[in-house]
Amino acid sequence: MEIEKPLRAYSVIEEFEHTGGIIFARHNVTARRIGANEYADGDFRAVTCKRTPWADKYAETGIIPASEMVHAGWYFECCGCGVTIEEVLSYRWEDEGDLTYRGWAPGDVIGTQHSQIFHSQECKYRYDTETAARNRACEKAIGRFQRVILRRFPNAQFIDNEGYRCKPYAWANRNKSGHWRIEQCCVPFTLPDFDAQHGPISLDYYPSSDGDRKPRYTCAGGDKEAFEAYCRACSL
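The sections below set out a description of the structure shown in this document. (Residues numbered from 1 in each chain as written. Predicted model: local features only at pLDDT ≥ 70, side-chain atom pairs only at ≥ 80, totals over all residues. Heavy atoms only, no water.)

Some thoughts on the environment of Thr61
Working step 1: Examined against the element boundaries, Thr61 turns out to sit in the loop between strand 3 (47-51) and helix 2 (66-71).
Working step 2: Exposure remark for Thr61: the relative accessible area of 57% places this residue in the exposed category.
Working step 3: Here the alpha-carbon distance between Thr61 and Phe24, two residues 37 residues apart in the chain, equals 9.9 Å.
Working step 4: Within the structure, the side chain of Thr61 is placed 3.2 Å from the backbone nitrogen of Ile63, a separation counted as a polar contact. (Helix = DSSP H or I, 4+ residues; strand = E, 2+ residues; numbered from the N terminus. Buried < 20%, exposed > 50% of the residue type's maximum accessible area, 1.4 Å probe, protein only. Polar contact = N/O pair within 3.5 Å; in protein donor to acceptor, adjacent residues only side chain to side chain.)

Structure representation (structure tokens):
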């Protein structure tokens, strides 16, 4: 009985943009094929593949700490501040007169190869805090839109499903004063007495370049005339 070879680590790099990662496979050719599919649109010739023995110990879980990858010469973009996380980070910035990263070490990196990565725990905390605040602002915007919809259509039923335009969505950024400003919002819903044939109705807010910032009710093009007639009837 042939004994199956153990999973081993391989570094696969796309040669043009130099993106890549560590792949676990039993053979070089398998790792290269997986890496080509992931980083080079399937072009086998566009990637290099070499053994990476130090990462073999992570083969069972497939989870590699980003800190160890940085130690080994890999680099990432910090999800929090956008700085390039590399082993010489602290020296490079000190040479430029910026002491922000003074004392930083690769061991400070938070995250794994396939997760969000931050150069420090403090940066992750700031990112998580800001993300939570943005989410609260977006949830409030969705709630306001739902109340507007119910005032116009008291029998509206809100939907939150998988599929195109079937989930409420909002996005916010801070303005110059530091306050949250809603930049996009979409709240889909159905009406029990209106048979939409081509998808849900929604109240949308997508400010246009010409300055139009009014929310609008939208529906699929095939339902437009029927929905407009329904709205006129509701206004009688």
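Some details on the pattern of salt bridges
Working step 1: The final tally for this structure, using the stated rule, is seven salt bridges.
Working step 2: Put simply, Asp128 and Lys124 hold a salt bridge, and the shortest N to O gap is 2.7 Å. Taken as a pair, Asp128 and Lys124 lie in helix 4 (residues 121-152) at a separation of four residues, close to a single helical turn.
Working step 3: By relative accessible area, Lys124 is classed as partly exposed at 24%.
Working step 4: With a closest N to O distance of 2.8 Å, Lys167 and Asp160 form a salt bridge.
Working step 5: Residue classification places Lys167 among the partly exposed positions, given a relative accessible area of 38%. (Salt bridge = Lys/Arg side-chain N within 4 Å of Asp/Glu carboxyl O.)

A word on helix 1 (residues 28-39)
Working step 1: For helix 1, which comprises 12 residues, the first-to-last C-alpha distance of 16 Å matches the rise-based estimate of 16 Å (1.5 Å per residue) to within 8%.
Working step 2: Looking at helix 1, one finds that the buried residues are Ala31, Gly35, Ala36 and Tyr39. For helix 1, the angular spread of buried residues about the axis comes to 135°, placing them on one side.
Working step 3: Where helix 1 is buried, its residues touch strand 1 (8-14), strand 2 (20-25) and strand 3.
Working step 4: With its phi angle positive at about 55°, Asp41 sits one or two positions after the end of helix 1. (Expected span 1.5 Å × (residues − 1). Arc of directions from axis to C-beta. Contact = heavy atoms within 4.5 Å.)

A few points about the layout of surface pockets
If you roll a probe as big as a water molecule over the atoms, it shows you where there is empty space left.
Working step 1: Taken as a whole, the largest pocket spans an internal volume of roughly 380 Å³.
Working step 2: Lining the largest pocket are 18 residues; nearest its centre among them are Thr19, Gly20, Trp74, Tyr75 and Phe76.
Working step 3: Breaking the lining of the largest pocket down by element, the ones donating at least two residues are strand 2, helix 1 and strand 4 (76-77). (1 Å grid on protein atoms, 1.4 Å probe; cavity = no way out; pocket = protein on both sides within 12 Å on 5 of 7 lines; lining within 4 Å. Points joined across faces, edges and corners; volume = space filled by probe spheres on them.)

Describing the sheet that holds strand 1
Working step 1: Spatial ordering of the open sheet is given by 2-1-3, a layout of three strands whose pairing is antiparallel. In this open sheet, the two edge strands, each paired with only one partner strand, are strand 2 and strand 3. Ignoring strand direction, the axes of neighbouring strands in this sheet form an average angle of 30°.
Working step 2: The pairing of strand 1 with strand 3 spans five bridges and is classified as antiparallel. The residue of strand 3 that forms the bridge with Ser11 is Lys50.
Working step 3: Running at roughly 140° to strand 2, helix 1 makes contact with strand 1, strand 2 and strand 3 of the sheet. (Pairing = 2+ DSSP bridges. Axes fitted to C-alpha atoms, helices over the stretch in contact; angles between N-to-C directions.)

Details of the packing of aromatic side chains
To describe a pair of aromatic rings, one takes the distance between the centres and the angle between the planes.
Working step 1: The full count for this structure, using the stated rule, is eight aromatic pairs.
Working step 2: Taking 5.1 Å as the distance between ring centres and 55° as the angle between the ring planes, the aromatic pair formed by Phe118 and Tyr127 counts as tilted.
Working step 3: Residue Phe118 is classed as buried on the basis of its relative accessible area, which comes to 1%.
Working step 4: A relative accessible area of 25% means that Tyr127 is categorised as partly exposed.
Working step 5: Judged by centre distance (5.4 Å) and plane angle (85°), the rings of Phe153 and Tyr217 are edge-to-face. Taken together, the residues Phe153 in the loop between helix 4 and strand 6 (157-158) and Tyr217 in strand 10 (residues 216-218) connect sequence positions 64 residues apart.
Working step 6: Through pairs of rings, three or more aromatic residues link up here, namely Phe153, Phe189, Phe194, Tyr217, Phe227 and Tyr230.
Working step 7: Its end group placed over the ring of Tyr10, Arg51 keeps NZ or CZ at 5.6 Å from the ring centre. (Phe/Tyr/Trp six-rings, centres within 6.5 Å; stacked < 30°, edge-to-face > 60°. Lys NZ or Arg CZ within 6 Å of the ring centre and 35° of its normal.)

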